[in-house]
Amino acid sequence: MDSLDDILKLDFPTLFVVIGVSSLSLTAIWGAIVWQNRGFAAARIWFCACLAQAAGGICLLFQHGPHASIIAAIANGLVIFGFWLFWVGVRRFHGISTRLLFPLAVSTLCAGLTVALYSSPELIALLYALGQMAPMVAILSFLLGWKRRSIGAGIASAGLSIGILSHAIVIAMNMVILARGGPAPDWSAIAALTMMGVIFSGLLLNFGLAVATIERLRGELIELANTDPLTGVLNRRGFEVWLASEVLEATSVHGILLFDLNDFKKINDRFGHKVGDDSLIHFTRVVSALLGKRDILVRSGGDEFFVLVHPKNDRVCAKLAAAIDRTLAAAPLLVSSHQVYVSASIGTAVWQREHGMTVDEAFASADLAMYSAKTSRTPRIRSDDPDPCFQYG
């Protein structure tokens with residue numbers, strides 16, 4: 001029966017094949033992601049990173065003969081450049097653009113040192129380990145320092161930690177060999193294990209980045225589903241999601257402002273649908289500028305909107321409605337040489353959850369008030385409170 005050392009003595013050409021094949025497989029995966037999401041810049045960078053490492057792994061198989069040092073330099077440069085591309089991609093994933101000058105310079109330097117140090121296996125091993133370890137440390141430091149954590153980032157960080165540990169072992173072994181100066185101990189089994197650790201760390205890194213990508217794309221899909229594409233505010237579905245969130249539990253009283261734009265069809269008929277869309281965008285910008293941080297604006301459909309605010313009483317709702325009405329009157333939409341005045345009939349109500357009032361009952365009250373304002377048109381704002389002092393024009 002073979003000993004454990006014999007089992008672990010994997011030949012390095014086999015490991016180089018594994019590196020090349022696994023990198024090609026990862027390249028295919030990132031290529032498919034890029035194909036389906038062509039605007040996803042980070043995935044394009046990670047695709048190039050895997051492609052560079054696959055090319056480097058394949059080159060390692062041919063580092064023999066009179067040009068072995070040149071081939072090894074190309075292979076090492078490509079692999080290290082691939083790791084730095086992962087760093088660039090991670091930063092891009094988090095919204096930070098990074099030029100390729102630094103990764104190219106470091107990779108070129110490592111390639112040159114490979115040629116210079118090729119006659120010393122220990123120094124070459126140190127160069128390989130340090131060259132690949134540096135971008136791993138950079139990526140791990142960035143991920144750990146980022147405020148928003150995710151499962152994908154955690155998996156990637158775990159993979160990077162394994163890779164850094166594997167390279168640290170390689171560095172320690174070769175430092176011992178250089179310091180002793182005598183015959184090198186047979187650490188081929190440990191060296192093979194560290195190489196397998198690096199391969200596994202690369203797979204785990206890519207898996208973590210893929211999970212982070214899925215999380216990002218899923219979040220974007222949810223945002224698209226919950227957001228009105230024209231105005232950028234919440235749609236009805238987004239409001240329902242918000243209603244089900246824990247944020248709602250913190251407040252028992254909410255004010256409701258219901259809006260129905262006046263003469264919106266006339267604006268469409270006279271100026272065209274493009275101006276009609278612009279008037280909706282203009283309305284949301286005016287209203288959003290007057291809302292507090294905790295207030296939300298929702299487009300319920302067509303030319304109808306509503307706002308959920310956090311007032312103490314109906315008077316606050318009515319004052320906000322009057323402010324919106326005045327601001328709209330003072331800020332017309334400019335269309336060529338025309339000024340298009342956007343106005344709305346507004347109904348207000350207070351949703352008192354602590355008294356058992358449902359959201360449908362609150363909206364029904366606001367709808368009645370809005371309908372009253374729509375039919376009278378003067379004043380344009382109505383409250384569900386019967387006190388005349390709450391009627392604003």
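Note that the structure is predicted; figures quoted are calculated from it, not measured.

S.K.: Sorry if this is basic, but what is going on with the overall build of the protein chain here?
M.R.: Assigned secondary structure in the protein chain consists of 13 helices and 8 strands. In the protein chain, once contacts between residues fewer than 6 apart in sequence are set aside, the share between residues at least 24 apart is 70%. Accessible area of the protein chain: about 20200 Å², with a carbon and sulfur share of 64%.

S.K.: Hey, could you run me through the environment of Asp-303 in this one?
M.R.: Here Asp-303 is to be found in the loop between strand E3 (296–301) and strand E4 (304–309). Separated by 41 residues in sequence, Asp-303 and Asn-262 have C-alpha atoms that sit 8.7 Å apart. Not counting the four nearest positions on each side in its chain, Asp-303 is found in contact with Phe-259, Asp-260, Leu-261, Phe-264 and Leu-280.

S.K.: So what exactly am I meant to see when it comes to the confidence of the model for the protein chain here?
M.R.: Counting all residues, the mean pLDDT for the protein chain is 85, and 89% of those residues have values of 70 or more. Element-level pLDDT for the protein chain is lowest in strand E8 (residues 381–383), with a mean of 44, against a maximum mean of 95 in helix H5 (residues 101–117). Counted against residues more than four places away or in other chains, residues 1–8, with its pLDDT under 50, gives 5 contacts. Of the regions scoring below 50 in pLDDT, residues 379–393 engages in 48 contacts with residues more than four places distant in sequence or in other chains.

S.K.: Would you mind showing me how to read the packing of aromatic side chains here?
M.R.: A ring pair, where both rings are aromatic, is described by two values, the distance of the centres and the angle of the planes. One pass over the full model with this rule turns up 13 aromatic pairs. Seen in terms of ring centroids, Phe-239 and Phe-306 are 4.8 Å apart; in terms of plane orientation they differ by 80°. Their pairing is edge-to-face. With a gap of 67 residues between them, Phe-239 in helix H9 (residues 236–243) and Phe-306 in strand E4 connect regions that are remote in the sequence. The burial state of Phe-239 is the same as that of Phe-306; both residues are buried. The ring of Trp-35 has Arg-38 sitting right over it, with the charged end atom 3.8 Å from the ring centre. When the ring centre of Phe-93 is taken as reference, the NZ or CZ atom of Arg-216 above it lies at 3.9 Å.

S.K.: Would you mind going over the pairing of E3 with me for this structure?
M.R.: Sheet topology places strand E1 (residues 234–235) next to E3; 2 bridges connect them, and they run parallel. Considered in E3, the bridge of Asn-235 is made with Arg-299. Connecting E3 to the next strand, E4, in antiparallel fashion are 2 residues, including Gly-302 with a positive phi near 55°.

S.K.: What is the right way to read the nonpolar core from this model?
M.R.: Inside soluble globular proteins, nonpolar side chains tend to come together where they are buried. If you look at the biggest cluster of nonpolar residues, it comprises 45 residues, and the most contacted ones within it are Trp-30, Trp-46, Phe-86 and Leu-209. For this core, the elements supplying multiple residues, two or more each, are helix H2 (12–36), helix H3 (41–60), helix H4 (68–93), H5, helix H6 (121–145), helix H7 (151–180) and helix H8 (188–226). Looking at this core, the element that brings in the most residues is H4, giving 11 residues. If we ignore the near neighbours within four places in the chain, the residues touching Leu-209 are Trp-30, Trp-46, Phe-86, Val-90, Gly-152 and Ala-156. Core analysis: the next-biggest nonpolar cluster, separate from the first, contains 22 residues, Leu-261, Val-309, Ala-321 and Ala-344 among them.

Calculation criteria
Residues numbered from 1 in each chain as written. Predicted model: local features only at pLDDT ≥ 70, side-chain atom pairs only at ≥ 80, totals over all residues. Heavy atoms only, no water. Helix = DSSP H or I, 4+ residues; strand = E, 2+ residues; numbered from the N terminus. Contact = heavy atoms within 4.5 Å. Areas by Shrake-Rupley, 256 points an atom, 1.4 Å probe, with all protein chains shown as cover. pLDDT = per-residue confidence, 0-100. Phe/Tyr/Trp six-rings, centres within 6.5 Å; stacked < 30°, edge-to-face > 60°. Buried < 20%, exposed > 50% of the residue type's maximum accessible area, 1.4 Å probe, protein only. Lys NZ or Arg CZ within 6 Å of the ring centre and 35° of its normal. Pairing = 2+ DSSP bridges. Core = buried A, V, L, I, M, F, W, Y, C linked by side-chain atoms within 4.5 Å.

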